[in-house]
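One letter stands for each residue in the lines below.
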Amino acid sequence: MNRILVTGGAGFIGSHLCEKLLKDGNEVICLDNFFTGRKENIAHLVGNPSFEVVRHDVIEPALLEVDQIYNLACPASPVHYQFNPVKTIKTNIMGTLNMLGLAKRVRARILQASTSEVYGDPKEHPQTESYWGNANPIGTRACYDEGKRCAEALMFAYHRQNGVDIRVVRIFNTYGPRMLENDGRVVSNFIVQALRGQDLTVYGEGSQTRSFCYVDDLVDGLVRMMNNENLVGPVNLGNPGEFTVLELANMVKKLTGSSSKIVYNPLPPDDPVQRRPDITLAKESLGWKPYVGLEDGLLRSIEYFSSRISASV
Ligand code: NAD
Ligand code: UDP
């Protein structure tokens with residue numbers, strides 16, 4: 001049994017991770033400032049004697065005693081991370097510094113949730129971990145992309161200079177239950193729009209591609225990486241199935257049986273044209289691969305959003 005800190009633990013991925021770590025018999029401290037996280041996401045865990053919640057902002061130091069740290073605190077949707085870009089940069093840089101300082105003091109292993117966004121608008125396809133990326137350092141996505149790139153640099157600097165035991169994963173688009181209805185990311189937008197009979201908002205022509213990983217698969221990869229003795233990373237975690245945004249819209253329409261129309265809105269600046277992970281490293285080193293296909297994962301997510309939407313009517 002370990003005592004494990006999950007920053008961003010009340011968020012979408014963080015809450016699933018807390019649940020899994022508790023199931024595996026660990027003590028879990030969930031630390032969150034509740035910017036995009038919700039108490040509802042972890043309400044079913046409160047009352048478990050091995051679970052503790054701390055309202056805290058990672059841009060301030062935290063004094064705790066733990067064996068492992070999963071550093072997930074950071075809004076992930078462009079809508080939310082662009083709401084206060086300076087705060088997003090502070091969260092990625094000061095937050096990661098604080099968590100690295102904690103890891104160094106208590107000799108904990110720390111895993112950083114990095115992102116496929118470090119590859120920017122990639123010129124190599126699919127993306128392998130050795131690709132350095134094509135990110136715009138001054139664009140509207142930079143607070144997130146460059147924030148995460150700097151967080152990776154900090155992780156490796158603390159590792160080389162101070163011997164901190166690090167793990168870095170680059171997460172590709174992940175979806176599933178507990179995303180916010182107003183999260184702004186494509187899967188939740190399309191499902192919520194389809195269920196409400198609203199138009200599905202495709203940005204651009206919908207020819208850009210993404211690879212969508214179901215949250216349970218992703219959480220399995222995070223835990224495998226944390227507990228792997230040989231690899232610091234970075235390691236790509238994502239589902240290599242690649243779909244255009246328009247294909248996704250049509251799939252959501254079919255699976256919900258919705259008669260919503262598809263409408264075309266302007267493409268946001270610096271929106272990557274294509275994205276697909278090469279997961280050879282994760283397969284070979286962690287024995288990890290995703291199992292949940294897109295239709296199956298969408299059906300599970302549709303069930304979740306329908307129950308929330310009908311409960312709020
Ligand atoms: P989310 O927005 O649901 O969760 C982020 C959590 O961090 C929220 O609970 C939020 O309240 C908390 N948080 C934000 N700023 C904080 C701060 N300063 N101090 C303390 N808590 C703070 O997003 P998610 O999809 O669950 O993403 C979790 C992590 O995974 C993020 O670091 C994100 O960058 C990374 N990631 C996610 C995806 C994805 O597709 N979901 C892809 C790549 C990387
Ligand atoms: N997108 C879209 N309609 C929406 C929301 C997003 O067409 O309502 C597009 C967006 O422009 C991008 C893709 O879907 O090309 C994935 O967007 P998301 O915000 O989910 O993730 P990211 O761009 O960070 O990969």
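Report follows, based on the coordinates. The numbers attached to residues start from 1 for each chain and follow its sequence in the written order. Ligands are numbered from 1 and chains lettered from A, in the order in which they are written. The predicted nature of this model means local features are confined to residues of pLDDT at least 70 and side-chain atom pairs, given and counted, to a pLDDT of 80 or more, with totals for whole chains, interfaces and linings taken over all residues. For side-chain calculations, the full set of non-hydrogen atoms in the structure is used, while hydrogens and water are omitted.

1. Focus: the pattern of salt bridges
Line of reasoning, step 1. The term salt bridge refers to a pairing of a side-chain nitrogen on Lys or Arg with a carboxyl oxygen on Asp or Glu at a separation within 4 Å. For the structure on display, the rule yields 24 salt bridges.
Line of reasoning, step 2. Where D216 meets R300, a salt bridge forms, and the shortest distance between an N and an O atom there is 3.9 Å. On the criterion of sequence distance, the pair formed by D216 in helix α6 (residues 215–226) and R300 in helix α9 (residues 294–312) is long-range, its members being 84 residues apart.
Line of reasoning, step 3. The rule is simple: take the accessible area with a 1.4 Å probe, protein chains only, and divide by the maximum for that residue type; under 20% is buried, over 50% is exposed, in between is partly exposed. Residue R300 is classed as partly exposed on the basis of its relative accessible area of 32%.
Line of reasoning, step 4. Three or more residues are tied together by salt bridges with common partners; here these are E117, R141, R210, D271 and R275. Where helices and strands are cited, they refer to DSSP runs of H or I of at least four residues and of E of at least two residues respectively, numbered from the N terminus.

2. Quick notes on the packing of helix α3 (residues 85–106) against helix α4 (residues 142–162)
Line of reasoning, step 1. Think of each axis as a best-fit line through the C-alpha atoms, taken over the contacting stretch in the case of a helix, with angles from 0 to 180 degrees between the N-to-C directions. For the pair α3 and α4, the least separation of the axes is 9 Å and the interaxial angle reads 15°. Between α3 and α4, the interaxial angle falls into the category roughly parallel. As for the relative orientation of α3 and α4, their crossing is right-handed in sense. Facing α3, whose interface residues are P85, T88, I89, N92, I93, T96, L97, L100, G101 and K104, α4 presents C143, Y144, G147, K148, C150, A151, L154, M155, Y158 and N162.
Line of reasoning, step 2. Its residues assigned to classes, the contact of α3 with α4 comprises 12 nonpolar, 6 polar and 2 charged. When an angle is under 35 degrees it counts as roughly parallel; over 145 it counts as roughly antiparallel; between 65 and 115 it counts as roughly perpendicular; any other value is oblique. Each crossing gets its handedness from the near helix: less than a right angle anticlockwise from the far helix is left-handed, clockwise is right-handed. Note on contacts: a residue pair is in contact if any heavy atoms of the two residues lie within 4.5 Å. Classes in brief: Ala, Val, Leu, Ile, Met, Phe, Trp, Tyr, Cys and Pro nonpolar; Asp, Glu, Lys and Arg charged; the others, Gly included, polar.

3. Focus: the site of ligand 2
Line of reasoning, step 1. The immediate surroundings of ligand 2 are formed by 18 residues, with T201, Y203, R210, D271 and R275 found nearest.
Line of reasoning, step 2. For the purposes of these results, a polar contact is taken to be a pair of N or O atoms within 3.5 Å, where, inside protein, one atom must be able to donate a hydrogen and its partner to accept one; residues adjacent in sequence count only when each atom of the pair is a side-chain atom. Side-chain polar atom of R141 to an oxygen atom of ligand 2: 3.1 Å apart, as the coordinates give it.
Line of reasoning, step 3. Note that an oxygen atom of ligand 2 is positioned 2.9 Å from one of the side-chain N or O atoms of N173.
Line of reasoning, step 4. Areas reported as accessible are Shrake-Rupley estimates using a 1.4 Å probe. Residue values count occlusion only from the protein chains shown. Burial of ligand 2 by the surrounding chains reaches 96%, relative to a free accessible area of 520 Å².
Line of reasoning, step 5. Of the residues contributing to the shell around ligand 2, the split by class is 7 nonpolar, 5 polar and 6 charged. Any residue with a heavy atom lying within 4 Å of a molecule or strand is counted as near it.

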